[in-house]
Amino acid sequence: MNKIKTYIHDFSELVMFQHSVFSLPFIFIAMIVAAKGWFGFGLFLLGFIATITARNFAMGINRYLDRDIDRLNPRTQNRPSVDGRVGNVAMVWFVIVNGLIFVGVSYLVNMLAFALSIPILLVLGGYSLFKRFSASAHLILGLSLGLAPIAGAVAVLGAIPLWSVWLSIGVMFWVAGFDLLYSLQDMEFDKAHGLHSIPSKLGAKKSMFLAIIFHLLSVIFWSIFVYSAMLGFWAVLAVVVSALMLGYEHYIVHKDFTKIDRAFFTVNGYLGFIFLGLIVVDIWL
């Protein structure tokens, strides 16, 4: 039993399971808006499994491909993929199993979800390659999480409504913005090892300014989403609260670089669930 618990703990640490809080709220926001209310326990369960397995697939590939980089970075040397707690063969099987579950769940949802499942996995797996040759990797990561709202709308409607695209673009810039801030920790390492992050190319000051631009774009596209989906006061409040939280995030990082983890986990983790909660209120009132 202890061995199983250790195995689960190691794989959870491998994929940083707690980071699922960034993508889960937005797929459910899209599903609630698409259904104009509760969309059923069946779709809830399928949506949850699809989100978790898609993220496990992406993180598994990332950890497998980044072993050489992570081994050299003091911040990542203790990851299970580096210190031997999770072996290479286990990681490959982890990726394969999660990818197959994601495709299978997509088939159970509807035919459009099934048709999009492989392209989505290709995007999710592409992030780890992009950062080796392009600073646009931050946006690719944003796109990976930004697909969640479109997937949620497809699950309920079997179509891609325009409002889900606006919501997704907002998520893309939100994630790209906070990934820029998070990457400030590895700026010098990326420079020394030829990795293509925006902080390593532009420096800290310009990167923080660009993160502000990205987050302003998030607020703009989320506002367009609210208007396009014909939502009400509580949805508008969700955008306003999100804007204030993003402002606080930048305040924390500008004031003290050592607080990046606090800004990354705490502020962004709460943002998605507050946004979801206010959308739920808006739909039900």
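This text goes with the structure placed above it.
A. Layout of the overall build of the protein chain. Helices and strands together make up the secondary structure of the protein chain, namely 14 helices and zero strands. Along the protein chain, helices and strands appear, N-terminal first, in the series α-α-α-α-α-α-α-α-α-α-α-α-α-α. Taken against the 2.2 N^0.38 rule, which gives 19 Å for 285 residues, the C-alpha radius of gyration of the protein chain at 19 Å falls within 12% of a compact globule. In terms of principal-axis extent, the alpha carbons of the protein chain reach across some 50 × 45 × 35 Å.

B. Structural view of unusual backbone geometry. One non-glycine residue, Lys 36, lies in the positive phi region at around 55 degrees. Along the polypeptide, Lys 36 turns up in the loop between helix H2 (24-35) and helix H3 (41-65). In this structure, Met 230 takes a positive phi of about 55 degrees despite not being glycine. Given the relative accessible area of 74%, Met 230 is considered exposed.

C. Spotlight on the nonpolar core. Counting residues in hydrophobic clusters, the biggest one holds 46 residues, and the most contacted among them are Phe 26, Ile 29, Trp 174, Trp 222, Phe 225 and Phe 275. Residue assignment for this core shows that the elements contributing at least two residues are H2, H3, helix H8 (137-157), helix H9 (162-183), helix H12 (204-228), helix H13 (233-255) and helix H14 (260-284). Apart from residues lying up to four places away in sequence, Ile 29 is in contact with Leu 167, Phe 225, Gly 272, Phe 275, Leu 276 and Ile 279. Membership of the second largest hydrophobic core comes to 16 residues, among which are Phe 173, Met 187, Ala 204 and Met 208.

D. Structural detail: the side chain of Ser 242. Relative to the helices and strands, Ser 242 is located in helix H13. According to the relative accessible area criterion, Ser 242 is buried, its value standing at 2%. Ignoring any residue separated from it by four or fewer positions in sequence, one finds Ser 242 in contact with Trp 222, Leu 271 and Phe 275.

Cut-offs applied
Residues numbered from 1 in each chain as written. Predicted model: local features only at pLDDT ≥ 70, side-chain atom pairs only at ≥ 80, totals over all residues. Heavy atoms only, no water. Helix = DSSP H or I, 4+ residues; strand = E, 2+ residues; numbered from the N terminus. Rg over C-alpha atoms; globule rule 2.2 N^0.38 Å. Buried < 20%, exposed > 50% of the residue type's maximum accessible area, 1.4 Å probe, protein only. Core = buried A, V, L, I, M, F, W, Y, C linked by side-chain atoms within 4.5 Å. Contact = heavy atoms within 4.5 Å.

Purely spatial values, then, with no claim about function.
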